[in-house]
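Chain residues, written in single-letter form:
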Amino acid sequence: LHMNRNVWSLAEMKRILNGLSNFVKFSTKEITCEPIHELIGYFSIIENARLECLLGDYTSSLYIVNSKKLLDRSELLISVPTCHANASYHAGISLLMSRKYAAVIDGLGEIILQISRQLKPGAAVLKPHVQQSLQKTLDKMMGIAAIAVALNPGHRVDDQVLEIVDGKWNDKT
């Protein structure tokens, strides 16, 4: 660290994350790479979206998530529940801060249902640390969804999503 003082600078981190994101396969390009490289590419995209959220650049975060098709069901990312949940969470935060409340409700509603089904006892065999991580992310997503529902009361919300969110946040409102 003494020899490379700028290794953790913002510009250097963005350069590294953007470079690593090139490992993700796209339908328009045929890039042959090892599966581990593709996973590292997905990780870098999620972390880049997270970094943009932390910096308050929600438009760039949405662009990163949407341009890489992270929420597309055909992507490898969907098979890793914690990564899918984190990508959806950062997209939800970005949409909320961009005042697109209906998109927050619709987008997070689907993932809230999916994760809540995975976390039901006997539904899936998930390792305890994966269950804890998913539960934390689910709680945060339900909070975002509750805020979006409160800010856009006229939008139609799926009854199951509303029941799950009310079950968690009813006493807080």
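Since the structure is predicted, the reported quantities are computational estimates derived from the model, not experimental observations.

The rules behind the values
- One numbering rule holds for all chains: residues counted from 1, following each sequence as written.
- Only residues with pLDDT of at least 70 get local features here, since the model is predicted, and only at 80 or more are side-chain atom pairs given and counted; chain-wide, interface and lining totals rely on the full set of residues.
- Excluding hydrogens and water, the side-chain figures rest on all heavy atoms present in the structure.
- Counting from the N terminus, the helices are DSSP H or I runs at least four residues long and the strands are E runs at least two residues long.
- The rule is simple: take the accessible area with a 1.4 Å probe, protein chains only, and divide by the maximum for that residue type; under 20% is buried, over 50% is exposed, in between is partly exposed.
- Any pair of residues with heavy atoms lying within 4.5 Å of one another is described as a contacting pair.
- For the area figures, the Shrake-Rupley method with a 1.4 Å probe applies, and any residue is considered shielded solely by the protein chains shown.
- For helices, the axis comes from a line fit to the C-alpha atoms of the stretch in contact; other axes are also lines fit to C-alpha atoms, and the angle between any two N-to-C directions lies between 0 and 180 degrees.
- An angle below 35 degrees is read as roughly parallel, one above 145 as roughly antiparallel, one from 65 to 115 as roughly perpendicular, and any other as oblique.
- Handedness of a helix crossing follows the sense of rotation of the near helix relative to the far helix, less than a right angle counterclockwise being left-handed and clockwise being right-handed.
- When residue character is reported, Ala, Val, Leu, Ile, Met, Phe, Trp, Tyr, Cys and Pro are called nonpolar, Asp, Glu, Lys and Arg charged, and the others, Gly included, polar.
- Within 6.5 Å between ring centres, the rings of Phe, Tyr and Trp (the latter by its six-membered ring) count as paired, and their orientation is classed by plane angle as stacked under 30 degrees, edge-to-face over 60, tilted in between.
- By the criterion adopted, a ring carries a charge over it if an Arg CZ or a Lys NZ lies within 6 Å of its centre and within 35 degrees of its normal.
- Throughout this description, the term salt bridge denotes a Lys or Arg side-chain nitrogen within 4 Å of a carboxyl oxygen of Asp or Glu.
- By nonpolar core we mean a set of buried residues, namely Ala, Val, Leu, Ile, Met, Phe, Trp, Tyr and Cys, connected to one another through side-chain atoms within 4.5 Å.

(A) Structural context of the overall build of the protein chain. When you go through the protein chain residue by residue, the secondary structure sums to seven helices and zero strands. Written out in order from the N terminus, the α and β elements of the protein chain read α-α-α-α-α-α-α. Split into buried and exposed, the 173 residues of the protein chain put 36% on the buried side. Long-range pairs, those at least 24 residues apart, make up 58% of the contacts in the protein chain with a sequence separation of at least 6. If you sum the accessible surface of the protein chain, you get close to 10600 Å²; carbon and sulfur atoms cover 57% of it.

(B) Structural detail: the packing of helix α2 (residues 35–55) against helix α4 (residues 81–97). Interhelical geometry of α2 versus α4 gives an angle of 30 degrees and a closest axis separation of 10 Å. Considered as vectors, α2 and α4 are oriented roughly parallel to each other. Both α2 and α4 take part in a crossing whose hand is left-handed. The segment α2 lies against α4, with Ile-46, Arg-50 and Cys-53 engaging Cys-83, Asn-86, Ala-87, His-90, Ile-93 and Ser-94. Considered class by class, the residues forming the contact of α2 with α4 number five nonpolar, three polar and one charged.

(C) View of the packing of aromatic side chains. Considering all chains together, one arrives at zero aromatic pairs under this definition. When the ring centre of Tyr-89 is taken as reference, the NZ or CZ atom of Lys-140 above it lies at 4.7 Å.

(D) Just the pattern of salt bridges, in detail. Tallying each qualifying case throughout the model produces four salt bridges. Among the ionic pairs, Lys-14 bridges to Glu-52, the shortest N-O distance being 2.3 Å. Note that Lys-14 is positioned in helix α1 (residues 10–20) and Glu-52 in helix α2, a separation of 38 residues in sequence. Overall, the relative accessible area of 21% leaves Lys-14 in the partly exposed class. Take Glu-52: its relative accessible area is 6%, and that puts it in the buried class. Of the charged contacts in the structure, one is a salt bridge between Asp-159 and Arg-156, with a shortest N-O distance of 3.5 Å. Residue Asp-159 shares its accessibility class with Arg-156, and that shared class is exposed.

(E) Examining the nonpolar core more closely. Counting 27 residues, the largest nonpolar core has Val-104, Leu-108, Ile-112, Ile-115, Met-141, Ile-144 and Val-165 as the members making the most contacts within it. Among the elements of the structure, α4, α5 (101–119), α6 (128–151) and α7 (159–169) are those that each provide at least two residues to this core. With nine residues, the single largest contributor to this core is α6. Counting residues in each nonpolar core, the second largest holds seven residues, with Val-24, Ile-45, Ala-49 and Val-65 among its members.

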